[in-house]
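# Residue-level structural notes
Next come the chains, spelled out residue by residue.
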Amino acid sequence: MIIKNNISLKPCNTFNVDIKAKYFAEVNNTKELKELLSNKQYISEKKLILGGGSNILFTNNFDGIVIKLNNLSIKIISETKENVFVQSDAGVEWDSFVKYTIDKGLSGIENLSLIPGNVGASPIQNIGAYGVEVKDIIESVSIMHLDSLEEKILLKAECNFNYRNSIFKNELKNKFVITSVVFKFPKQNCVNIEYASLKNYFVGKDENEITSKDVRNAVISIRERKLPDPNKVGNAGSFFKNPIITKEKYEELKNEYSDLNGYPETNSKIKISAGWLIEKCGLKGKHIGNVGVHEKQALVIVNYGNATGNEIVEFSKMIQNLVQNKFNIKIVNEINII
Ligand SMILES: Cc1cc2nc3c(=O)[nH]c(=O)nc-3n(C[C@H](O)[C@H](O)[C@H](O)COP(=O)(O)OP(=O)(O)OC[C@H]3O[C@@H](n4cnc5c(N)ncnc54)[C@H](O)[C@@H]3O)c2cc1C
């Protein structure tokens with residue numbers, strides 16, 4: 001276990017915001033995690049679990065202990081006639097896990113290729129991309145209470161998964177650390193290329209011959225074209241969630257804007273693209289100082305230099321207000337502001 005004092009978290013968050021943590025601890029397994037959490041020196045400190053820092057925006061120095069899990073084991077724990085169950089520790093990098101499953105000939109999470117961050121954070125906002133959400137393949141999530149150290153396994157049904165949401169962003173927020181996740185992969189090839197950009201990518205190909213590796217390569221190529229690389233320019237992917245509006249509101253907008261697309265959430269609710277709303281406000285590619293809207297993907301706010309977390313928050317509020325004024329639609333943050 002390594003514990004450092006007064007450390008800059010700039011290399012630990014993809015927005016590249018330069019703030020400091022009072023303490024920063026890296027633990028290699030749950031035994032070390034328990035030792036740390038029961039250490040008298042840190043018991044009353046505020047705690048933050050940090051994965052890859054790709055869904056977080058720091059606005060202040062963190063006056064407490066930031067804990068990073070470096071537990072890195074992946075193993076196939078059981079098999080039935082139809083399924084393979086794979087357990088991954090929370091500290092494993094998400095995309096390495098996707099690659100591992102594909103190398104084992106499994107399919108189910110290839111559409112989630114190249115999403116930054118670690119396995120431990122994947123259930124928190126129920127990561128999703130290209131028509132797949134991680135909940136589709138999660139079997140259970142192992143957690144440890146930050147105070148009592150009680151360990152529990154939550155089955156998928158107990159996680160209240162929803163669009164970019166789960167129990168971990170609500171009732172259990174800041175109370176537990178996710179230590180590992182079990183995923184249930186069907187043995188049958190289940191690649192999903194229903195999402196429009198994947199359908200276009202594979203046009204003319206026999207669907208039965210498309211492998212999870214083909215889909216991974218397609219997703220990587222599409223994402224690399226569209227999204228800014230956080231290793232080159234600070235960002236945390238989508239800043240806002242896509243809003244879910246009533247069918248009436250959708251039809252009202254569609255009458256005015258024929259290029260609006262909607263994705264039914266329920267019989268009466270439609271999800272629309274927050275990026276489209278931002279683009280229609282004329283904000284795509286616009287900068288204020290070091291902060292801007294990405295020129296290819298309006299849902300992404302970019303730190304082009306040494307912007308502070310507060311400058312980024314102010315910029316995001318300006319976007320929310322413009323969208324609210326133009327469309328009377330509230331867009332809410334996807335990222336975690338600390
Ligand atoms: C370029 C880019 C593209 C992206 N594309 C997508 C996308 O397509 N789809 C998508 O859903 N997301 C996307 N994201 C967002 C992000 O990658 C995911 O939300 C990811 O799961 C965050 O993982 P992380 O390890 O970086 O979490 P962090 O940012 O480190 O943490 C996020 C939150 O989870 C908490 N947390 C982290 N690990 C644990 C744990 N083990 N136990 C308890 N709490 C924990 C943190 O305290 C924090 O509140 C993108 C981000 C970037 C930068």
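Look above for the structure.
A brief report on the enclosed structure follows. Just so we're clear, the structure is a prediction, and the values are computed from it rather than from any experiment. (Residues numbered from 1 in each chain as written. Predicted model: local features only at pLDDT ≥ 70, side-chain atom pairs only at ≥ 80, totals over all residues. Heavy atoms only, no water.)

The topology assignment puts Asn13 in the loop between strand S1 (2-8) and strand S2 (20-27). Polar contacts involving the side chain of Asn13 include one to the main-chain carbonyl oxygen of Leu9, which spans 2.8 Å. A polar contact is formed between the side chain of Asn13 and the backbone nitrogen of Val17, at a distance of 2.9 Å. Apart from residues lying up to four places away in sequence, Asn13 is in contact with Gly53, Ile56 and Phe58. (Helix = DSSP H or I, 4+ residues; strand = E, 2+ residues; numbered from the N terminus. Polar contact = N/O pair within 3.5 Å; in protein donor to acceptor, adjacent residues only side chain to side chain. Contact = heavy atoms within 4.5 Å.)

Now for the pairing of strand S10 (residues 138-145). Burial of S10 is extensive: seven of the eight residues sit out of reach of the surface. Pairing geometry for S10 and strand S12 (residues 176-186), over seven bridges, is antiparallel. The partner of Ser140 across the bridge, within S12, is Val182. Relative to strand S11 (residues 151-155), S10 is paired through five bridges, and the arrangement is antiparallel. Paired with Ser140 across the bridge in S11 is Leu155. Taken together, S10 and the strand that follows it, S11, pair antiparallel across an intervening segment of five residues, in which Leu149 is found at a positive phi of about 65°. (Buried < 20%, exposed > 50% of the residue type's maximum accessible area, 1.4 Å probe, protein only. Pairing = 2+ DSSP bridges.)

Looking at the ligand, there are 33 residues lining it, with Ile49, Gly51, Ser54, Gly128 and Arg223 nearest. Contact between the ligand and Gly128: a nitrogen atom at 2.8 Å from a main-chain N or O atom of the residue. Across the complex, the protein chains shield 93% of the 980 Å² of accessible surface that the ligand would expose by itself. Taken together, the residues that form the shell around the ligand break down as 16 nonpolar, 14 polar and three charged. (Near = heavy atom within 4 Å. Areas by Shrake-Rupley, 256 points an atom, 1.4 Å probe, with all protein chains shown as cover. Nonpolar A, V, L, I, M, F, W, Y, C, P; charged D, E, K, R; others polar.)

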